[in-house]
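# Observations on the three-dimensional arrangement
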Amino acid sequence: MHYFLNIGSNLGNPKLNLSRGLRALEEKFGYFETSKIMESKPWGFVSPHTFANMAVMVISDKSPAEVLADIHEIEARYNTTSHRDKHGNYRDRTLDIDIMAVDDEVIDTEELKVPHPHLAERDFFLTPFAELAPMWRHPLTGLTCAEMLERLPKEPE
């Protein structure tokens, strides 16, 4: 299966953190492809720290639950706290890895929702994802990443 991940960081040296995260993904999955790094403002919370994000595609025979467990293990190596505070709000993090999509699968469990429920709302997901997989279509909407990007509200300049 093709797993499309988004890896991000906004603490310390974000690009170095991405590099370390990629090395850890290589240990777990072997070969992977990446997009360019994209800088973005924090989404869902306020912080002075800009994120560095990129998309990663890995191919694995592991189940989505196994891949999620591997990702959580990698995140735990680099994060000393949860990416959410005690009220459930997002906060700054050294390394964050999300599963954006798994081929054209739809998964809706308590632990994992694929495609990612906020995929169509996040330019820092869609822009790098479109670079890696321009022909991928959301299995529920039929839209490509580029089409979802066109539907995002424009940021004031």
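For the structure, see preceding data.
In this report, we go over the structure that sits alongside the text. (Residues numbered from 1 in each chain as written. Predicted model: local features only at pLDDT ≥ 70, side-chain atom pairs only at ≥ 80, totals over all residues. Heavy atoms only, no water.)

### Some words on the overall build of the protein chain
Condition: Helix numbers and strand numbers start at the N terminus; a helix is a DSSP run of H or I with at least 4 residues, a strand a run of E with at least 2. C-alpha atoms define the radius of gyration, and 2.2 Å times the number of residues to the power 0.38 defines the globule rule.
If you tally the helices and strands in the protein chain, you get four helices and seven strands. Secondary structure elements in the protein chain, listed N-terminal to C-terminal, are β-α-β-β-β-α-β-β-β-α-α. Taking 157 residues into account, the globule formula puts the C-alpha radius of gyration at 15 Å, and the protein chain, at 15 Å, falls close to it. Across its three principal directions, the C-alpha atoms of the protein chain cover 40 × 35 × 30 Å.

### With respect to the pairing of strand S4 (residues 51-59)
Convention followed: Note on classification: 1.4 Å probe, protein chains only; a residue is buried when its accessible area is under 20% of the maximum for its type, exposed when over 50%, partly exposed between these limits. Here, a strand pair is defined by DSSP locating no fewer than two bridges between the strands.
Counting buried positions over the nine residues of S4 gives eight, a clear majority of the element. Looking at chain direction, strand S1 (residues 2-9) and S4 are connected through eight bridges and run antiparallel. In the sheet register, histidine 2 faces S4, and the bridge partner there is isoleucine 59. With three bridges joining them, strand S2 (residues 32-34) and S4 adopt antiparallel strand pairing. Considered in S4, the bridge of phenylalanine 32 is made with valine 58. Of the strand pairs in this sheet, strand S3 (residues 38-40) and S4 are connected by three bridges, and their pairing is antiparallel. When the sheet's bridge partners are listed, serine 40 is paired in S4 with phenylalanine 51.

### Description of the pairing of S1
Of all eight residues in S1, seven are buried; the element is thus mostly enclosed. Direction of pairing for S1 relative to strand S5 (residues 96-102): antiparallel, over a ladder of six bridges. Pairing of asparagine 6 across the sheet is with aspartate 98, part of S5.

### A look at the layout of surface pockets
Let me state the cut-off plainly: Of the two site types, the cavity is a set of points on a 1 Å grid over the protein atoms alone where a 1.4 Å probe fits but cannot get out, and the pocket is an open set with protein on both sides within 12 Å along at least five of seven lines, each lined by residues with an atom within 4 Å of a point. Grid points are joined across faces, edges and corners, and a volume is the space filled by probe spheres set on the points. Note on residue categories: nonpolar means Ala, Val, Leu, Ile, Met, Phe, Trp, Tyr, Cys or Pro, charged means Asp, Glu, Lys or Arg, and polar means any other residue, Gly included.
Estimates place the volume of the second largest pocket at around 330 Å³. If you go around the second largest pocket, the residues you meet are Ser40, Lys41, Pro42, Trp43, Glu121, Asp123, Phe124, Leu149, Leu152, Pro153, Lys154 and Glu155. Its residues assigned to classes, the lining of the second largest pocket shows six nonpolar, one polar and five charged.

### So, helix H3 (residues 123-132)
In an α-helix, one full turn covers 3.6 residues, which means residues spaced three or four apart are oriented alike. For the record, the criterion: Contacts are assigned to residue pairs that have any heavy atoms within 4.5 Å of one another.
Among the 10 residues of H3, seven are classified as buried, and the element is accordingly described as predominantly covered. Those residues of H3 lying buried are Phe124, Phe125, Leu126, Pro128, Phe129, Ala130 and Leu132. Buried residues along H3 sit against S1, S2, S3, S4, S5 and helix H4 (145-151).

### Structural notes on the packing of helix H1 (residues 14-29) against helix H2 (residues 64-78)
Threshold: Axis geometry follows a simple rule: fit a line to the C-alpha atoms, using only the stretch in contact for helices, then measure angles between N-to-C directions, giving values from 0 to 180 degrees. By definition, turning the near helix anticlockwise from the far helix through less than a right angle yields a left-handed crossing, and turning it clockwise yields a right-handed one.
Where H1 meets H2, the closest approach of the two axes is 10 Å, and the angle between their N-to-C directions is 145 degrees. Every pair of crossing elements has a handedness; the one defined by H1 and H2 is right-handed. Along the contact surface, H1 presents Arg20, Ala24, Leu25, Glu27, Lys28 and Phe29, while H2 presents Val67, Asp70, Glu73, Ile74, Arg77 and Tyr78. Residues that form the contact of H1 with H2 fall into these classes: six nonpolar, no polar and six charged.

### Looking at the side chain of serine 47
With respect to the helices and strands, the residue serine 47 is situated in the loop between S3 and S4. When near neighbours in sequence (up to four residues on either side) are disregarded, serine 47 contacts Asn10, Pro42 and Asp92.

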